[in-house]
Amino acid sequence: MKLRFAPSPTGLLHVGNARQAVANALFARRHGGCFLLRMDDTDAGRSRDEYAGGIEQDLRWLGIEWDETVRQSDRRDRYEAAAQRLRATGRLYPCFESEDELRFKRELRLRQNKPPVYDRAMLRLTPEQRAQAEANGKVPYWRFRLSDRVVTWNDLVMGRPQVKLPPISDPVVIRADGTVLYAFASVVDDIELGITHVMRGEDHLSNTGVQLDMIEALGADPRRFTFAHLPLLLDEAGGKLSKRFDGLSLRALRHDGIEPRALVSYLARLGTSEDPEALPFEELAKSWDVRRVSRSAPRFDMRQLLALNRRALHGLPFAEIRDRLPPEATDAFWNAVRGNLDMLGEARHWWDVVGGAFVPPVQEAQATYLADALALLPEEPWGPETWRDWTGALRERSGRRGHELFGPLRLALTGEEKGPEMRDLLPLMGRERVAGRLRVAAS
Ligand SMILES: Nc1ncnc2c1ncn2[C@@H]1O[C@H](COP(=O)(O)OP(=O)(O)OP(=O)(O)O)[C@@H](O)[C@H]1O
């Protein structure tokens, strides 16, 4: 079994692309298959090396591993060899019409109430006419002659799609400058690189009909391939995602502090009836089943991702996160704050609260109470019981309870009304810092 994820390096990966990468990687892992990353960079005008590098970086960040990387730009001779075979059997034919001529023909057909399909005029070109065109300095581009049939296949997600070839224009597969178009290059690669499962977005459904026709024309057995077309992920408003807009790129989510584990878990369960859980890749792979993916297009839901992000962070042990915390942060600090974080970036804030030079807001109305708190502050060493002992003594002195008792202390010591357990934060702050903040807040 061999799968591939085949992005075009024309921008930053977005969550929709990532859905396909995750699906392919989980499927390969679950079934012990080989997983290939193929850069579909035949469009030299839009493909860039830095995007290819960015895609690899984003996939690594997600924790996705692949066995091989292939670039279509390195395989031009393979496409040319395949094209020669198709020329020999008459399935590729040279064309000379300009864009303007084609537009004119399309418009004419539409006016005659005919579908705007290419009329295959160039198929009837005589060798003399061709020689004449070339003598006039024209260089041909090449179309693939589709057969006249309906193509069907069993799709692991979409059931049994049908693509009628007659209403589709014979696709151009080689431009006049010799560059190969995606649909053809992809077929040659899938055959020659031994791909068995093609899992990709629903945007490729009609391509699949055309490509199955090409596969047969190239002498390969279409039954060798299993297809799975996953619905396209929409943005929160139901709009299309694009590599050209940054909003839901992996880069932006990573920058915002989303954990890769949360994102992979979210994408793995998206469009299935299962509740998302923040699980490691290996765990997800054990139960991931492409047949559970629904046929309707899911919408990206940031709230659900954030809820998973919280769960992913809460489950991370210190050893796995220490590199991403301030260098002096300790196990005790992580255990104190992790239950309270939506995003890892907030840990930096709590680190400043615990160990930094933070100035608390003045609470004039609480001045006497805070002065009492200062007077009753126990001597060090401090431990998990210090908060209870200290506030117990304060309760007796002040007669306060609940929020009245704890609220002004929390605000004076952290600047916040909510947050991690004070019992855990207090020993991390130390007596000197706590005393200093109480003095300021009471002033
Ligand atoms: N919104 C989406 N949801 C799910 N899959 C998607 C979405 N958009 C693209 N894909 C899939 O991502 C994979 C990589 O495709 P590709 O790099 O061509 O992405 P693209 O976003 O369509 O790119 P471009 O904007 O450059 O055309 C393909 O399998 C494609 O079907």
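Predicted, not measured: the structure shown is a model, and the values here were computed from it.

Caption draft 1: Molecular detail of the overall build of the protein. The helix and strand inventory of the protein stands at 19 helices and 10 strands. Taken against the 2.2 N^0.38 rule, which gives 22 Å for 443 residues, the C-alpha radius of gyration of the protein at 31 Å runs more than 25% over that of a compact globule. Each principal axis of the C-alpha atoms in the protein carries an extent, and together these give about 105 × 40 × 40 Å.

Caption draft 2: Expanded view of helix 9 (residues 260-269). Among the 10 residues that make up helix 9, nine are buried, leaving the element largely enclosed by the rest of the structure. Listed as buried for helix 9 are Arg261, Ala262, Leu263, Val264, Ser265, Tyr266, Leu267, Ala268 and Arg269. Along its buried surface, helix 9 packs onto helix 1 (15-30), helix 2 (49-62), helix 8 (250-255), helix 10 (281-287) and helix 11 (302-314). Phi for glycine 271, located one or two positions after helix 9, is positive at around 70°.

Caption draft 3: How the structure looks around the nonpolar core. Residues Ala18, Val22, Leu26, Ala262, Leu263, Val264 and Leu267 are the most contacted members of the largest nonpolar core, which totals 80 residues. Of all the elements, helix 1 adds the most residues to this core, at nine residues. The residues that make up this core include at least three from each of domain 1 (1-72 + 181-313) and domain 3 (316-443). With residues up to four places along the chain from it excluded, the contact list for valine 22 reads Val264, Leu267 and Ala268. In this structure, Ala82, Leu146, Ile174 and Val188 belong to the second largest nonpolar core, which totals 24 residues.

Caption draft 4: Molecular detail of the packing of helix 1 against helix 9. At a minimum axis separation of 9 Å, helix 1 and helix 9 run at an interaxial angle of 80°. Taken together, helix 1 and helix 9 sit at an angle that is classed as roughly perpendicular. Residues Val15, Ala18, Arg19, Val22 and Leu26 of helix 1 form the contact with helix 9, whose own contacting residues are Val264, Leu267 and Ala268. For the contact of helix 1 with helix 9, the class distribution of residues is seven nonpolar, no polar and one charged.

Caption draft 5: Representation of the environment of proline 298. Tracing the sequence through the fold places proline 298 in the loop between helix 10 and helix 11. Residue proline 298 is classed as partly exposed on the basis of its 18 C-beta neighbours within 10 Å. Put simply, proline 298 and glutamate 236 are 62 residues apart on the chain and 9.4 Å apart in space, counted from C-alpha to C-alpha. In contact with proline 298, not counting residues within four places along its chain, are Pro231, Leu233, Leu270 and Gly271.

Caption draft 6: Quick peek at the sheet that holds strand 5 (residues 141-144). Sheet architecture is open: three strands sit in the order 4-5-8, paired in antiparallel fashion. Two strands in the sheet have a free side with no partner beyond their single neighbour: strand 4 (92-95) and strand 8 (172-174). Averaged over all neighbouring strand pairs, the angle between strand axes comes to 45°, with direction disregarded. In the sheet, strand 5 pairs with strand 8 via two bridges, with the strands oriented antiparallel. Paired with arginine 143 across the two strands is valine 172, which belongs to strand 8.

Caption draft 7: Structural context of the UniProt feature "domain: Glutamyl/glutaminyl-tRNA synthetase class Ib catalytic" (unreviewed entry) in the protein. Annotation from UniProt places "domain: Glutamyl/glutaminyl-tRNA synthetase class Ib catalytic" (unreviewed entry) at residues 2-305. End-to-end, the C-alpha atoms of residues 2-305 are 30 Å apart, and along that stretch the chain is 38% helix and 13% strand.

Caption draft 8: Examining unusual backbone geometry more closely. Between glutamate 380 and the following residue, proline 381, the backbone shows a cis peptide bond with an omega angle of 10°. Mapped onto the fold, proline 381 is located in the loop between helix 15 (367-375) and helix 16 (386-398). Here the phi dihedral of asparagine 113 falls at roughly 60°; this positive angle occurs in a residue that is not glycine. Counting through the fold element by element, asparagine 113 comes out in the loop between helix 4 (99-111) and helix 5 (127-135). We classify asparagine 113 as exposed; it has 6 C-beta atoms within 10 Å. Phi is positive for arginine 120, close to 60°, though the residue is something other than glycine. Examined against the element boundaries, arginine 120 turns out to sit in the loop between helix 4 and helix 5.

Caption draft 9: The arrangement of the site of the ligand in detail. Taken together, 17 residues sit near the ligand, with Pro7, Gly16, Arg200, Gly201 and Leu233 positioned nearest. Mapped onto the shell around the ligand, the elements with two or more residues apiece are helix 1 and strand 9 (197-201). By residue number, the principal contributor to the shell around the ligand is helix 1, which donates four residues. Its residues assigned to classes, the shell around the ligand shows four nonpolar, nine polar and four charged.

Parameters and conventions
Residues numbered from 1 in each chain as written. Predicted model: local features only at pLDDT ≥ 70, side-chain atom pairs only at ≥ 80, totals over all residues. Helix = DSSP H or I, 4+ residues; strand = E, 2+ residues; numbered from the N terminus. Rg over C-alpha atoms; globule rule 2.2 N^0.38 Å. Buried ≥ 20, exposed ≤ 12 C-beta atoms within 10 Å, placed from the backbone. Contact = placed C-beta atoms within 7 Å. Core = buried A, V, L, I, M, F, W, Y, C linked by C-beta atoms within 7 Å. Domains from an automatic or database assignment. Axes fitted to C-alpha atoms, helices over the stretch in contact; angles between N-to-C directions. Parallel < 35°, antiparallel > 145°, perpendicular 65-115°, else oblique. Nonpolar A, V, L, I, M, F, W, Y, C, P; charged D, E, K, R; others polar. Pairing = 2+ DSSP bridges. UniProt positions renumbered as here; feature names shortened; annotations may be inferred. Near = placed C-beta within 6 Å.

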